[in-house]
Amino acid sequence: MKVIPETVAIIMDGNGRWAKAKGLPRTAGHKKGADTVRTVALEANRLGIKKLILYAFSTENWKRPEDEISYLCKLPGIFFNSYIKDLMKNNIRVTFAGELERFPEDTQKTIRKAVEQTAHNTGLELCIAINYGSRREMILAAQKYAQEVADGKRANDLTEEEFSSYLFIPEEVDLLIRTSGEERISNFLLWQIAYSELIFDPTPWPDFDEASLNEALEVFAARDRRFGGLK
Ligand code: V0D
């Protein structure tokens, strides 16, 4: 049993609700939510977590009002201008998972630049899932595998481990946290959470902090992880 999980994923829910409760526009919730990304990434890095996967934008989010989408597309830039120094100083590496191509060219550029600038950092991997959907991820993996088979690859020996390598995110997730009280997975990491501990925290994402993360890690450490077998 790992006391500190290697891979932690978080569904960062509740930004809009947090803003509404304060009489602010939803975008204010997203901005505060981006500050929380920094806070939680620094704490995860300090604790020795290897990979933190954050669900920032789903394939469903394109249905939101245009002005909200346009603000969300600016957030990677706002985030990096504010925090690239902190990320470098703390040896944090940024990666992303999802289909970047649907974002505006300048948003894509900003994200690629952040990935490049932090590529040699050896601390926490901060993986931002944007325009990500788990079923879509599995379809793309199957298509890529099928293409390789069509090109002559042997097809009769696909293992779980090999299939994982075709996904955006190949790692098993040890702990999945969803903030703001909803108890659903919402098409996030369906393959990767096969043996995860799941924690639903009522705190809206903008109010989540170091203490909230440490509380979740305590619950994680206290649970039996039996993998469906004997201890
Ligand atoms: C809004 C709360 C950081 C959830 C967090 C494009 C939703 C703040 C990024 C980010 C978003 C993205 C890519 C990257 C580095 C940072 C981000 C989006 C939304 C949607 F390489 N926060 N953040 N991206 N929110």
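Residues numbered from 1 in each chain as written. Predicted model: local features only at pLDDT ≥ 70, side-chain atom pairs only at ≥ 80, totals over all residues. Heavy atoms only, no water.

Here's the deal with the site of the ligand
For the ligand, the set of nearby residues contains 18 residues, the closest of which are Asn15, Leu72, Leu75, Phe80 and Ile111. Its free accessible area being 530 Å², the ligand has 98% of it covered by the protein chains. A per-element tally of the shell around the ligand places helix α3 (residues 66-89) first, with five residues. Across the shell around the ligand, the residue classes break down as 15 nonpolar, three polar and no charged. (Near = heavy atom within 4 Å. Areas by Shrake-Rupley, 256 points an atom, 1.4 Å probe, with all protein chains shown as cover. Helix = DSSP H or I, 4+ residues; strand = E, 2+ residues; numbered from the N terminus. Nonpolar A, V, L, I, M, F, W, Y, C, P; charged D, E, K, R; others polar.)

Points about unusual backbone geometry
Despite not being glycine, Asn131 shows a phi value in the positive range, around 45 degrees. Assignment of secondary structure puts Asn131 in strand β4 (residues 125-132). When its relative accessible area of 5% is taken as the criterion, Asn131 is described as buried. For Asn187, which is not glycine, the phi torsion reads 65 degrees and is therefore positive. (Buried < 20%, exposed > 50% of the residue type's maximum accessible area, 1.4 Å probe, protein only.)

Concerning the side chain of Gln108
Locating Gln108 in the fold gives a position in helix α4 (residues 105-117). Of the residues examined, Gln108 reaches a relative accessible area of 7% and is grouped as buried. Here Phe103 takes part through its backbone oxygen, which lies 2.7 Å from a polar atom of the side chain of Gln108. Gln108 has contacts with Leu100, Glu101, Arg102 and Phe103, leaving out every residue within four places of it along the chain. (Polar contact = N/O pair within 3.5 Å; in protein donor to acceptor, adjacent residues only side chain to side chain. Contact = heavy atoms within 4.5 Å.)

What about the environment of His30?
In this fold, His30 is placed in helix α2 (residues 26-47). On the basis of relative accessible area, His30 is assigned to the buried category, the value being 8%. Measuring from C-alpha to C-alpha, the distance between His30 and Ser180 comes to 14 Å, with 150 residues separating the pair along the chain. When residues no more than four places from it in sequence are discounted, the contact partners of His30 are Asn15, Arg64, Glu68, Tyr71, Leu72 and Leu75. Within the structure, the side chain of His30 is placed 2.9 Å from the side chain of Glu68, a separation counted as a polar contact.

Observations concerning the sheet that holds strand β3 (residues 93-97)
Taken in spatial order, the six strands of this open sheet run β3-β4-β2-β1-β5-β6, and their pairing is parallel. At either end of the open sheet lies a strand with only one pairing partner, and these are β3 and β6 (197-201). Each adjacent strand pair in this sheet contributes to an overall mean axis angle of 20 degrees, direction not counted. In the packing of α2 onto the sheet, the strands contacted are β1 (7-11), β2 (51-58) and β4, and the crossing angle to β2 comes to about 160 degrees. (Pairing = 2+ DSSP bridges. Axes fitted to C-alpha atoms, helices over the stretch in contact; angles between N-to-C directions.)

Side note on the state of the cysteines
What the rule picks out here adds up to zero disulfides. Of all cysteine sulfurs, the one in Cys127 lies closest to Cys73, which takes part in no disulfide; the gap is 18 Å. Residue Cys127 is classed as buried on the basis of its relative accessible area, which comes to 2%. (Disulfide = S-S within 2.5 Å.)

So, the pattern of salt bridges
On inspection of all chains with the given rule, the structure shows 17 salt bridges. We note a salt bridge from Arg46 to Glu43, for which the minimum N-O separation is 3.0 Å. Separated by three residues within a single helix, Arg46 and Glu43 lie in helix α2, roughly one turn from each other. We classify Arg46 as exposed; its relative accessible area is 61%. For Glu43, a relative accessible area of 7% gives the class buried. Between Glu60 and Lys63 there is a salt bridge; the shortest N-O distance is 2.6 Å. Of the residues examined, Glu60 reaches a relative accessible area of 46% and is grouped as partly exposed. Residue Lys63 is classed as exposed on the basis of its relative accessible area of 68%. Where salt bridges share partners, they join Asp13, Arg17, Arg178, Glu182 and Arg184 into one cluster. (Salt bridge = Lys/Arg side-chain N within 4 Å of Asp/Glu carboxyl O.)

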